[in-house]
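Survey of secondary and tertiary structure
So the chains spell out like this:
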Amino acid sequence: MNKNGSFIISGVLINYIISRSILRRRIGMLRKETSRSYHEFNDEEELQTPDFYQDNDSANGGLEEPEESIASVLPEEDIVNSNPFTLFNKACLKNVFTVLLLFIYLVLTAVAVFLAYQTITDFMEKLSHPVMSVTYKEVDVFSPPGIALYPGTAQLLSCKHHYHAHIPPLVTPGKPQPGDCVMEEVTYTGPYTNHTVKQALVVSGPTDVRNRELIFLQFSQNETEEDFSAITYMLFDKYNDLSRSVNKSAFMQDCERNYSMVTFSGGFRTWVKMSLVKTSGKKNESMEFRQESSVVKYNDKRPVSEQKAIQLFFVVFEWRDPFVQEVRDIVTANPWNTVAILCGVFMALFKAANFASFSVKWVIKIRKRHLRNRNRELTASSQRYVVTNTDINRLEE
């Protein structure tokens, strides 16, 4: 009987020790699975799970109650539950940093859009408002300009070419003298008044600018009732255009529409210095004359009675310098520069959009990974609790 009782007691003790070792192995396996789940939850940092499961057999001197082993597992649960909050805070910081980057890229995108709009606006503004470019071309000989004079009741006394800006003294002022000018009379109707008939004396102007060729003309006019007396003249581009024209009246009408009229007074010597200006527009080119005139009083040595009866007019035409002024409209807008800026802007916009899309996808991926790891951790914890309770119930039985 004693042998059987001791045998039974020894069997119970062996079964208890075996059950306890099996329980310890299962708890150790659960601890490894829990540690591995936390490693999957955090991809960048390695979590060091403290080892709360230590062998206390040497300290306790042998056997240990099941309640003490269960109590040693409880602190592990507190630490496991605290680590996800730390990881969640780090994920939140990453998300905030991503949102901040997105905001910065949105600001840069707005700046890029404004730059593109400003570039296009400046290009259109420069395209519609070209600047004026002035260049000077030096020539030795000018084409003979046309000098259209409207003497009215005045009479042409002489027209001569002189060189080196030298005009000899008048021998018989007020008397007709021989001349060497090429001229032509044209009668036409004024372009602005249909009933006004005008008679123009057109003279071929000077050409040799190097030798300072000039044309000296003198007119005389009988006494009139007017307080002031003057002769009107007009300069146009080429005298040869008039001589080659089929309809000279229509040609003079067009010249009067395009060129301005100038006058010179009687009793003075009017010195007119001409300069030619070519203006190139978008569709056509135009020619105009700029004039610098100076007036010198004529010392009339005729008898007083003759001075009162006949009034004299003197005018000189000469080129001011051998330069032809060319004025052109230049568009300062450079299309290639504008295209380059716009390409850079659109590349920046595309890069910003690509980064924004990548950032959003990255945030969604991190969120899904966080939820997946959390669900995995909860599932592992629930399985551990089920296994632990089952083992405790077996031990109690």
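The shown structure was predicted, so the numbers you read here are calculated from the model rather than taken from an experiment.

Cut-offs and rules
- Residues numbered from 1 in each chain as written.
- Predicted model: local features only at pLDDT ≥ 70, side-chain atom pairs only at ≥ 80, totals over all residues.
- Heavy atoms only, no water.
- Helix = DSSP H or I, 4+ residues; strand = E, 2+ residues; numbered from the N terminus.
- Buried < 20%, exposed > 50% of the residue type's maximum accessible area, 1.4 Å probe, protein only.
- Phe/Tyr/Trp six-rings, centres within 6.5 Å; stacked < 30°, edge-to-face > 60°.
- Core = buried A, V, L, I, M, F, W, Y, C linked by side-chain atoms within 4.5 Å.
- Contact = heavy atoms within 4.5 Å.
- Polar contact = N/O pair within 3.5 Å; in protein donor to acceptor, adjacent residues only side chain to side chain.
- Disulfide = S-S within 2.5 Å.

A closer look at the overall build of the chain
A count of helical and extended segments in the chain gives seven helices and twelve strands. Out of the 397 residues in the chain, the part that is buried amounts to 32%.

Notes on the packing of aromatic side chains
Working definition: an aromatic ring pair is given by the centre-to-centre distance plus the angle between the planes. Applying the stated criterion to the full structure yields nine aromatic pairs. Aromatic pair Tyr-233 and Phe-264: ring centres 6.0 Å apart, planes at 45 degrees, arrangement tilted. Of the two residues, Tyr-233 sits in strand β7 (residues 230-236) while Phe-264 sits in strand β8 (residues 261-265), which places them 31 residues apart along the sequence. Residue classification places Tyr-233 among the buried residues on the basis of a relative accessible area of 2%. Judged by its relative accessible area of 2%, Phe-264 falls in the buried class. Among the aromatic residues, those joined into a ring-pair cluster are Phe-219, Tyr-233, Phe-264, Phe-313 and Phe-317.

What about the nonpolar core?
Judged by nonpolar contacts, the single largest core of 41 residues is most densely connected at Val-202, Leu-217, Met-252 and Phe-317. Per-element accounting of this core gives the leading share, five residues, to β7. Once residues within four sequence positions are removed from consideration, Leu-217 is found in contact with Leu-149, Leu-156, Ser-158, Cys-159, Val-203, Phe-313, Phe-314, Val-315 and Phe-317. Core analysis: the second largest hydrophobic core is formed by nine residues, Ile-167, Leu-214, Phe-216 and Trp-271 among them.

Some remarks on the side chain of Gln-218
One can find Gln-218 in strand β6 (residues 214-222). Of the residues examined, Gln-218 reaches a relative accessible area of 0% and is grouped as buried. Among the polar contacts made by the side chain of Gln-218, one reaches the side chain of Ser-158 at a distance of 2.7 Å.

A few points about the state of the cysteines
For the coordinates displayed, the defined rule picks out one disulfide. A sulfur-sulfur distance of 2.0 Å marks the disulfide that ties Cys-159 to Cys-181. Across the disulfide from Cys-159 to Cys-181, rotation about the S-S bond amounts to roughly -85 degrees, and the bridge is consequently left-handed. Here Cys-159 is found in strand β3 (residues 155-162), whereas its partner Cys-181 is found in the loop between β3 and β4 (183-189), with 22 residues between them in sequence. Of the two residues, Cys-159 and Cys-181, both sit in the buried class.

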